[in-house]
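In case you want the letters, here they are:
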Amino acid sequence: MPNVAFYTLGCRLNQAETGLAAADLASHGYTLAPWGAPADLLVINSCAVTSVAAQKTRQAVRAARRRWPAAFLVVIGCGVTVDLEAWEAMEDGPDLIVPNPPPAPLSALLPALLQPGQGLVCIDPGEPQDGFTIPGVGFFGERTRANLKVQDGCDFFCSYCIVPYTRGRARSRDADDVLREAQALLDNGYHELVLSGVNLTTYYNQGMDLAGLLRRLLNLKGDFRIRLSSAEPGPVLERVIDVMAEDQRICRFLHLPLQYGEDSILHSMRRHYCTADYRRLAEMALTRIDGLCLGADVIVGFPGETDASFASCHDFLSSLPFGLLHVFSYSPRPGTVAASLPGRPPSRLVKRRSETLLAVAAAKAEAFAASQIGQAVTVLLESVDSGWSDNYLQVRLEPPAGLPANTLVEVAITAAAGNREVLGRVVSQPASNQAPSRGGKPCP
């Protein structure tokens, strides 16, 4: 049977969809191979969130075509949803492109014979549906965590963002179908489920919002924990924070997208909150959940950014105890409102401002790691001597406990080792089907 290799660019939602596509092809007789190994079929899951991401996708396609000219090359996802004409004009490009949403599983869209060089075939997208279902169960190789798709699309139309045009309007996966795949993933041995979507906090199905879905997921059988990939500020987030505070199996990590720390730029970005709203939610979460790692994204160099707005942004970021802060330089994306806005700062100034915020991010990460010394945290091992805590610290065991990867253990944090890395010793290994206690208390 043919071999197939996957290459994924972009977000956790793309990773979830790659896992589903891989499982689909494996169930139809394809042999999964790692990217870089010889394969009859190559599938690239594309990204278009920025012009840089779109360029990386095209580079990946050209590199794959040069290295494996005899392979049948498929590109799926966001990158071929908005830039269709560019793909059609591309020389030595893919053999098949499948935009969002795919009208059927990939196995049903492939030709009977995978023969490259017959001309580009463009599949028409499917019809977006709320309450959608997804057949099968995602496959994520030897990884310890699984990305579980629960939502797609977005209605916010932020001025810098192309995603509503690549993914469509917000829609939620059928709750029973989410639970079906979640239980199957746990039965397959994964101990962490990462809920993935474009805009998780808009989830609503069968009368349940995201908080309700979390409560139903917590009723599943198994020794597991749940991590939220990203949660936009909004009213439902208060109920989500309640659930996080109530149950130790929800990871103490809240990625709360900010994008900028000053109100005039947030307004120009068409974000749906102000800095006061953001602060209230962040401080609520930090108060309710001991040891919470608060994460955020920040865009530097957006059109209209001034010395004064940047100073306000810097002060706002400095005032909150972020444990993880991603700093990006603004990249205009054709097709978005912001791409035509005037007042972009010069690149040298953007670089200097970015470096300033990166220094803030590094100091925040180190301070958060240091704050966990003397605490006990739950760690999912990825090797015999390291893994990730529920509050998103990389934990190195000293001494190694001799436990296999994909084991949930309770670890006492003994020292910080720079950035987001800490050292610790195993305190206890949880019994089967019992979640270990988590941090927020002194270690034994």
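The model shown is predicted, which means the values in this text are computed figures rather than measured ones. (Residues numbered from 1 in each chain as written. Predicted model: local features only at pLDDT ≥ 70, side-chain atom pairs only at ≥ 80, totals over all residues. Heavy atoms only, no water.)

Caption draft 1: Structural view of the overall build of the chain. Check the secondary structure of the chain and you find 13 helices and 21 strands. Against the globule reference of 22 Å for 444 residues, the chain gives a C-alpha radius of gyration of 22 Å, in line with a compact fold. Taking the principal axes of the C-alpha coordinates as reference, the chain spans close to 65 × 55 × 45 Å. Here the chain holds 444 residues, and 55% of them are scored as buried. For the chain, restricting intrachain contacts to residue pairs at least 6 apart in sequence, the fraction spanning at least 24 positions comes to 74%. For the chain, the distance from the average site of its 40 positive side-chain charges to the average site of its 45 negative ones is 3 Å. (Helix = DSSP H or I, 4+ residues; strand = E, 2+ residues; numbered from the N terminus. Rg over C-alpha atoms; globule rule 2.2 N^0.38 Å. Buried < 20%, exposed > 50% of the residue type's maximum accessible area, 1.4 Å probe, protein only. Contact = heavy atoms within 4.5 Å. Lys, Arg positive; Asp, Glu negative; His and termini not counted. Charge placed at Lys NZ, Arg CZ, Asp CG, Glu CD.)

Caption draft 2: Geometry of the sheet that holds strand β14 (residues 253-255). Across the sheet, three strands lie side by side as β14-β15-β16; this open sheet has parallel pairing. Where the open sheet ends on each side, the last strands, each with one partner, are β14 and β16 (324-329). Ignoring strand direction, the axes of neighbouring strands in this sheet form an average angle of 15°. The pairing of strand β15 (residues 293-300) with β16 spans six bridges and is classified as parallel. (Pairing = 2+ DSSP bridges. Axes fitted to C-alpha atoms, helices over the stretch in contact; angles between N-to-C directions.)

Caption draft 3: Just the pairing of strand β17 (residues 376-381), in detail. In terms of residue burial, β17 counts as a mostly covered element, since six of its six residues are buried. Burial of β17 is two-sided: the residues Ala 376, Thr 378 and Leu 380 facing one way and the residues Val 377, Val 379 and Leu 381 facing the other way are all buried. In the sheet, β17 pairs with strand β20 (residues 408-416) via five bridges, with the strands oriented antiparallel. Paired with Thr 378 across the bridge in β20 is Glu 410.

Caption draft 4: Structural detail: the sheet that holds strand β5 (residues 96-98). With parallel pairing, the six strands of this open sheet are ordered in space as β2-β1-β3-β4-β5-β6. Every interior strand has two partners, whereas the edge strands, β2 (31-33) and β6 (121-122), have only one. As judged from the two bridges shared by β5 and β6, these two strands associate in the parallel manner. Each residue of the ladder has a partner; that of Leu 96, found in β6, is Val 121. Along the sheet, helix α1 (residues 12-27) contacts β1 (3-8), β2 and β3 (41-46); its crossing angle with β1, the most-contacted strand, is approximately 175°. Docked against the sheet, helix α2 (residues 51-67) engages β1, β3 and β4 (72-77), running at close to 170° with respect to β3.

Caption draft 5: Representation of the confidence of the model for the chain. Considering every residue of the chain, the mean pLDDT works out to 93; 97% of them sit at 70 or more. Segment residues 431-444 is flagged for pLDDT under 50; beyond a separation of four residues in sequence, or across chains, it makes 44 contacts in the model. (pLDDT = per-residue confidence, 0-100.)

Caption draft 6: Structural view of the pairing of strand β7 (residues 145-149). With five of its five residues buried, β7 lies for the most part within the structure. Residues of β7 alternate between two faces, with Arg 145, Asn 147 and Lys 149 on one and Ala 146 and Leu 148 on the opposite face, all of them buried. As paired elements, β7 and strand β10 (residues 192-196) share five bridges and run parallel to each other. Paired with Ala 146 across the two strands is Leu 193, which belongs to β10.

Caption draft 7: Inspection of helix α7 (residues 175-187) at higher detail. When the terminal C-alpha atoms of α7 are compared, their 18 Å separation across 13 residues agrees well with the 18 Å that a helix rising 1.5 Å per residue should span. Burial analysis of α7 places 10 of its 13 residues in the buried class, which makes it a mostly covered element. Among the residues of α7, Ala 175, Asp 177, Val 178, Leu 179, Glu 181, Ala 182, Gln 183, Ala 184, Leu 185 and Leu 186 are the ones counted as buried. Residues of α7 that are buried in the fold lie against α1, β7, β10, β11 (204-205), β12 (208-209) and α8 (210-217). The backbone nitrogen of Asp 176 lies 3.2 Å from a side-chain oxygen of the residue at the head of α7, namely Asp 174. Positive backbone phi, approximately 105°, marks Gly 189, located one or two places after α7. (Expected span 1.5 Å × (residues − 1). Polar contact = N/O pair within 3.5 Å; in protein donor to acceptor, adjacent residues only side chain to side chain.)

Caption draft 8: Quick peek at the environment of Glu 366. In this fold, Glu 366 is placed in helix α13 (residues 347-371). By relative accessible area, Glu 366 is classed as partly exposed at 43%. Sequence-wise, Glu 366 and Thr 81 are 285 residues apart; in three dimensions their C-alpha atoms are separated by 40 Å.

Caption draft 9: Seen up close, the pattern of salt bridges. The final tally for this structure, using the stated rule, is 28 salt bridges. The residue Arg 288 makes a salt bridge to Asp 242 at a minimum N-O spacing of 2.5 Å. Taken as a pair, Arg 288 in helix α11 (residues 275-288) and Asp 242 in helix α9 (residues 236-246) lie far apart in primary sequence, 46 residues in all. Judged by its relative accessible area of 40%, Arg 288 falls in the partly exposed class. A residue is classified by how much of its surface remains accessible, and Asp 242, at 28% relative accessible area, is partly exposed. Connected through salt bridges with shared partners, the residues Glu 17, Lys 149, Asp 152, Arg 167 and Arg 171 form a single ionic network. (Salt bridge = Lys/Arg side-chain N within 4 Å of Asp/Glu carboxyl O.)

Caption draft 10: Broad picture of unusual backbone geometry. Look at the link from Asn 100 to Pro 101: it is a cis peptide, with omega at -20°. Relative to the elements of secondary structure, Pro 101 occurs in the loop between β5 and α5 (106-109). With an omega dihedral of 5°, the bond running from Glu 398 to Pro 399 counts as a cis peptide bond. By the element assignment, Pro 399 lies in the loop between β19 (394-397) and β20. In this model, Phe 157 sits at a positive phi of 50°, which is unusual for a non-glycine residue. Looking at the secondary structure, you find Phe 157 in the loop between β8 (151-152) and α6 (163-167). With phi around 65°, Arg 270 is a residue other than glycine that occupies positive phi space.

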